[in-house]
Amino acid sequence: MEKFTLINKARSRIKVFKPFDDSCSKNPSIINAILISYGCLLKRSSKPVMKGSRVESIEEARKEYKKLLEEGWKETYRFNSFF
């Protein structure tokens, strides 16, 4: 599974969805959770300022991802080099 980066309509907020690596898990190849990092963009040409992150179940992360797309957020690859 790869990471997905979403940016809002105003291009001021960003969310990154990526697999959560649980080093304590018996089988690290199985993904049970998603790490959602969120932040803001102060300037369009600068690195995003990440404000925090949280771990969600795959189902909850899918619901949030779908809701954001419905609100007009777009997928972007522009900031993947920073993460």
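Residues numbered from 1 in each chain as written. Predicted model: local features only at pLDDT ≥ 70, side-chain atom pairs only at ≥ 80, totals over all residues. Heavy atoms only, no water.

J.: Let's hear about unusual backbone geometry: which residues, and what values?
T.: In this model, arginine 11 sits at a positive phi of 60°, which is unusual for a non-glycine residue. In this structure, arginine 11 sits in the loop between strand S1 (4-7) and strand S2 (13-19). Owing to a relative accessible area of 42%, arginine 11 belongs among the partly exposed residues under this scheme. (Helix = DSSP H or I, 4+ residues; strand = E, 2+ residues; numbered from the N terminus. Buried < 20%, exposed > 50% of the residue type's maximum accessible area, 1.4 Å probe, protein only.)

J.: Which residues make up the pairing of S2, and what values do they have?
T.: The buried count for S2 comes to five of seven residues, which makes it a mostly enclosed element. Bridging between S1 and S2 involves four bridges; their strand directions are antiparallel. From the neighbouring strand, leucine 6 faces S2, where its bridge partner is lysine 15. Taking the residues that link successive antiparallel strands as the turn, the S1-S2 hairpin has five residues, and the phi of arginine 11 there is positive, at about 60°. In this sheet, strand S3 (residues 33-40) lies alongside S2 in antiparallel orientation, the contact comprising seven bridges. The residue bridging proline 19 from the neighbouring strand is isoleucine 34, located in S3. (Pairing = 2+ DSSP bridges.)

J.: Pulling in residues and values, what's your account of the packing of aromatic side chains?
T.: This structure, assessed with the given rule, holds two aromatic pairs. Here the aromatic rings of phenylalanine 4 and tyrosine 65 are separated by 6.0 Å at their centres, their planes lie at 65°, and the arrangement is edge-to-face. Taken together, the residues phenylalanine 4 in strand S1 and tyrosine 65 in helix H1 (residues 58-70) connect sequence positions 61 residues apart. Given a relative accessible area of 27%, phenylalanine 4 falls into the partly exposed group. Arranged with centres 5.4 Å apart and planes meeting at 85°, the rings of phenylalanine 17 and tyrosine 65 form a pair that is edge-to-face. Here the residue phenylalanine 17 occupies a position in strand S2, and tyrosine 65 occupies one in helix H1, the gap between them amounting to 48 residues. Take phenylalanine 17 and tyrosine 65: they sit in the same class, and that class is buried. Joined through ring pairs, the aromatic side chains of Phe4, Phe17 and Tyr65 make up one cluster. (Phe/Tyr/Trp six-rings, centres within 6.5 Å; stacked < 30°, edge-to-face > 60°.)

Function-wise, these values are silent; they only describe arrangement.
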